[in-house]
Amino acid sequence: MTGPDAPAALRATGLGFRYRKRGGRALRDCEFTVPNGRITALVGRNGAGKSTLLHLAGGLLRADSGELRVLDTAPGTAEARARVALLTQDKPLYPRFTVADTLLMGEKLNSSWDRAVAERTVREGDIPLHVRVGELSPGQRTRVALALALGKRPELLLLDEPMADLDPVARGEIMASLMAEAAERGTNIVLSSHVLPEIEQTCDWVLLLRDGRIELSEDAEALRESHAVLTGHTDQADALAGRHTVVRRRAAGRQMTALVRQHGPLRGDWHVERPRLEDILIGYLEAGAPGRLAPAERTEAAA
């Protein structure tokens with residue numbers, strides 16, 4: 001259930017935000033709903049507005065226009081702060097605190113603190129509790145910051161590129177912990193990441209930003225089922241026009257390959273494959289407006 005009255009982890013209506021000093025609009029006219037109980041992939045190219053959106057949801061920024069609701073409440077309020085945890089890219093921690101001091105601070109600041117979860121997150125990274133945070137590696141600091149976020153036992157966990165400085169093994173362990181958290185407690189997770197194979201394995205909802213606007217907000221499996229990769233003769237291109245959304249297409253000689261969103265049955269002699277979620281996301285991120293050829297693709301088509 002994803003209608004206007006359904007419970008939502010995030011809901012935006014006409015959301016906009018502008019950075020005054022940069023002179024540009026980071027988000028504009030964003031409309032989307034992320035249902036409760038989802039692990040959501042927040043996807044977009046650099047500068048698309050992902051961090052801005054997470055900072056708005058976490059209450060660190062205020063919208064210029066429209067509205068954003070988190071768990072059906074306003075971001076930054078006392079109620080929202082108690083129910084939402086945000087882990088930003090810079091992972092602010094006190095470098096002179098020991099790891100034990102840091103976890104104790106989390107316990108003092110959060111009434112719902114779960115010491116066992118926080119300590120387990122640290123222990124799984126072989127991080128001694130007596131070491132100062134400033135002496136830890138970037139990956140170890142990430143684990144400590146994540147321990148603070150998970151120890152809070154949030155209903156909504158916002159993660160802004162949290163694992164960019166972790167090795168593949170550590171990434172896998174952390175992702176397994178997040179999956180377990182979502183399964184056991186129904187925690188809503190919004191994860192900004194550029195690692196698309198990781199998203200494919202863990203996320204069941206997709207929120208895709210392009211140039212400050214929401215391009216997709218959909219169930220991941222529904223996206224896979226509604227898209228197809230078609231290969232066939234370029235003479236059949238007209239059969240797609242007006243009937244299906246051509247997300248991206250390439251032509252080499254007389255053969256064309258197209259990623260399309262189907263709207264009804266296909267006409268023509270096509271070789272049809274179902275794409276991976278990764279292929280769909282790359283298609284939307286690389287393409288111009290759906291249905292148009294990107295500049296590089298026009299060159300190929302003319303070759």
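Read on for an overview of the structure. Note that this is a predicted model, so its numbers are computed, not measured.

1. A few points about the packing of helix α5 (residues 138-151) against helix α6 (residues 168-185)
Consideration 1: Where α5 contacts α6, the axes come no closer than 13 Å and their chain directions differ by 0°. As far as their axial angle goes, α6 and α5 are roughly parallel. Along the contact surface, α5 presents R143, L146 and L150, while α6 presents A170, E173, I174, L178 and E181.
Consideration 2: Of the residues contributing to the contact of α5 with α6, the split by class is five nonpolar, no polar and three charged.

2. Comments concerning unusual backbone geometry
Consideration 1: The phi torsion at D126 lies on the positive side, around 55°, for a residue other than glycine.
Consideration 2: Looking at the secondary structure, you find D126 in the loop between α4 (115-123) and α5.
Consideration 3: Under the relative-accessibility criterion, D126 is labelled exposed at 68%.
Consideration 4: One non-glycine residue, D211, adopts positive backbone phi at about 55°.
Consideration 5: Tracing the backbone shows D211 in the loop between β8 (205-210) and β9 (213-219).

3. Observations concerning the pattern of salt bridges
Consideration 1: Within this structure, the stated rule accounts for 16 salt bridges.
Consideration 2: Between R248 and E286 there is a salt bridge whose closest N-O contact spans 3.0 Å. Taken together, the residues span a long stretch of sequence, with R248 in strand β11 (residues 245-252) and E286 in helix α10 (residues 277-286) at a distance of 38 residues.
Consideration 3: The class for R248 is buried, based on a relative accessible area of 15%.
Consideration 4: Classification of E286 as partly exposed rests on a relative accessible area of 41%.
Consideration 5: The structure contains a network of salt bridges with shared partners spanning E79, R83 and E155.

4. With respect to the packing of aromatic side chains
Consideration 1: Taken as a whole, this structure holds two aromatic pairs when the rule is applied.
Consideration 2: When the ring of F17 is compared with that of Y19, the centres are 4.8 Å apart and the planes differ by 85°; the resulting orientation is edge-to-face.
Consideration 3: Seen in terms of ring centroids, Y94 and F97 are 4.9 Å apart; in terms of plane orientation they differ by 35°. Their pairing is tilted.

5. Some words on the sheet that holds strand β10 (residues 227-233)
Consideration 1: Ordered by their spatial adjacency, four strands build an open sheet running β11-β12-β10-β13, and the pairing between neighbours is antiparallel. Each having just a single partner strand, β11 and β13 (271-273) make up the two edges of the open sheet. The average angle at which neighbouring strand axes cross in this sheet is 20°, direction not considered.
Consideration 2: Alignment of β10 against strand β12 (residues 255-261), held across seven bridges, turns out to be antiparallel. Within β12, the position partnered with H233 by the bridge is Q255.

6. A few points about the packing of helix α3 (residues 99-109) against α5
Consideration 1: Put simply, α3 and α5 touch, their axes get as near as 9 Å, and they point 20° apart. Taken together, the axes of α3 and α5 lie roughly parallel to each other. Here α3 and α5 pass one another in a crossing that is right-handed. Taking contact as the criterion, the partners of V99, T102, L103, M105 and G106 in α3 are, on α5, V144, A147 and L148.
Consideration 2: Taken together, the residues that form the contact of α3 with α5 break down as six nonpolar, two polar and no charged.

Cut-off values and rules
- Residues numbered from 1 in each chain as written.
- Predicted model: local features only at pLDDT ≥ 70, side-chain atom pairs only at ≥ 80, totals over all residues.
- Heavy atoms only, no water.
- Axes fitted to C-alpha atoms, helices over the stretch in contact; angles between N-to-C directions.
- Helix = DSSP H or I, 4+ residues; strand = E, 2+ residues; numbered from the N terminus.
- Parallel < 35°, antiparallel > 145°, perpendicular 65-115°, else oblique.
- Contact = heavy atoms within 4.5 Å.
- Nonpolar A, V, L, I, M, F, W, Y, C, P; charged D, E, K, R; others polar.
- Buried < 20%, exposed > 50% of the residue type's maximum accessible area, 1.4 Å probe, protein only.
- Salt bridge = Lys/Arg side-chain N within 4 Å of Asp/Glu carboxyl O.
- Phe/Tyr/Trp six-rings, centres within 6.5 Å; stacked < 30°, edge-to-face > 60°.
- Pairing = 2+ DSSP bridges.
- Left-handed = near helix turned anticlockwise from the far one by under 90°.

Read these as geometric descriptors, not functional statements.
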